[in-house]
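Survey of secondary and tertiary structure
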Amino acid sequence: MTALSERSAASAPGLAGRLRARVGAYVGLTKPRIIELLLITTVPAMMLADRGWPSWTLLLSTLVGGTLAAGAANVFNCWYDRDIDRLMNRTQKRPLVTGAVTPRAALVFGVVLTVASIVLLALTTTPLAAALAAGAIFYYAVLYTMVFKRYTRRSTEFGGVPGAAPVLIGWAAVTGSLDWPAIVVFGVVFCWQMPHFWALALRFKDDYARADVPMLPVVTTARSVGLQTVAWTWVTVAVSLSLWPVAADYGIGLGYTVAAAVLGGWFLVEAHRLLRRINAGGETKPMQLFHVSISYLALLMVAIVVDAIV
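Below is a short write-up of the structure. Keep in mind that what you see is a predicted model, and the values were worked out from it rather than measured.

Focus: the side chain of D81
The topology assignment puts D81 in the loop between α4 (56-80) and α5 (82-85). The contact partners of D81, leaving out residues within four places of it in the chain, are T145, K149 and R150.

Structure below.
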């Protein structure tokens, strides 16, 4: 009896470990780090639309629904891209490549997340928010993943639409409609994705080339990428500064605008530094711009929140 209990106790940690690994594999398919970045744009949009704090029930429902929707889109992306993921060092450990999750199970998981997200948003927020989430899932999973990513150098620009969709979903969850402030914040996040992602693509250019994915750094010169990165950074900052005129009635004022100008200057300096390093022919260090871009967006969203509630 003692030996039997000892064997059972010894097997329990193994079972718990396998369960954790299984759950972790499914969570990994949703790309949680990307979802975190998307959700930081949802809350400011909701607070701006509500001119303050929306109800905690609405906030939680929208965040959970948005998380499920973004997770569904990412699962479908992993399912379709499993052939090229195994060719790239950055993605070789994804669950579908390692075999931790089967393709069929991943596809079912993606469908379940899709249905759950749309139903939750439809029942707890507004029909428009649910429709926008459904459209974002379709756009990313089908148009971006299956068409644009593999066949055009402009995939990042096309892919920027679902990446900025959480702004519109958050606004629609509060108001049931869309308005110019939501469009402007959507524009900021859309434009921001070009310098953000091209910096990452420069770092992993060889990976994309190995997988025959025509990302911009693969099909053109580093200088061209640097020039386009600088141009899109300028556009991002310009769009961010246009929020005050269209959202003054929603609480956006001088405080946000000063913050947007300072943060935009920081973002621009780093983009121009990248271009100078490229022109100098030395080490380009694109990840410096990548990390600055994340901090820029996060702090800009904080500035929106502060102006919306103060």
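Let's talk about the packing of aromatic side chains
Evaluated as defined, the whole model comprises 11 aromatic pairs. On the basis of an interplanar angle of 20° and a centroid distance of 5.2 Å, the ring pair of Y140 and Y144 is categorised as stacked. Linking Y140 with Y144, this pair stays in helix α8 (residues 127-151), spanning 4 residues, or about one helical turn. By the burial criterion, Y140 is buried, and Y144 matches it. Linked through ring pairs, Y139, F148 and F158 together constitute an aromatic cluster. A cation over an aromatic ring shows up here: R90 above the ring of F204, its NZ or CZ 5.3 Å from the ring centre. Stacked on the ring of F204, the Lys or Arg R203 has its end atom at 4.6 Å from the ring centre.

Some details on the pattern of salt bridges
Per the counting criterion, the structure on display carries 8 salt bridges. A salt bridge links D85 to R94; the shortest N-O distance between them is 3.2 Å. For the residue pair D85 and R94, the accessibility class agrees, reading buried in each case. Residue R154 pairs with E157 through a salt bridge whose shortest N-O separation is 2.8 Å. Judged by its relative accessible area of 14%, E157 falls in the buried class. It is possible to trace a salt-bridge network through shared partners that takes in D81, D83, K149 and R150.

Rules used in this analysis
- Counting of residues starts from 1 at the beginning of each chain's written sequence and follows it residue by residue.
- Whole-chain, interface and lining totals are the exception, using all residues; otherwise, since this is a predicted model, local features are given only for residues with pLDDT of at least 70 and side-chain atom pairs are given and counted only at 80 or more.
- Excluded from the side-chain calculations are hydrogens and water; all other atoms, namely the structure's heavy atoms, are used.
- Numbering of helices and strands runs from the N terminus, with a helix taken as a DSSP run of H or I at least four residues long and a strand as a DSSP run of E at least two residues long.
- We call two residues in contact when some of their heavy atoms are within 4.5 Å.
- Classification of ring pairs rests on two measures: the distance between centres of Phe, Tyr or Trp rings, Trp counted by its six-membered ring, which must be within 6.5 Å, and the angle between planes, read as stacked under 30 degrees, edge-to-face over 60 and tilted in between.
- Throughout, exposure labels follow a simple rule: accessible area from a 1.4 Å probe, protein chains only, divided by the maximum for the residue type, with under 20% read as buried, over 50% as exposed, and the rest as partly exposed.
- Sitting over a ring, as applied to charges here, requires NZ of Lys or CZ of Arg to be within 6 Å of the ring centre and within 35 degrees of the ring normal.
- Any Lys or Arg side-chain nitrogen located within 4 Å of an Asp or Glu carboxyl oxygen qualifies as a salt bridge.

Geometric values such as these leave the question of function open.
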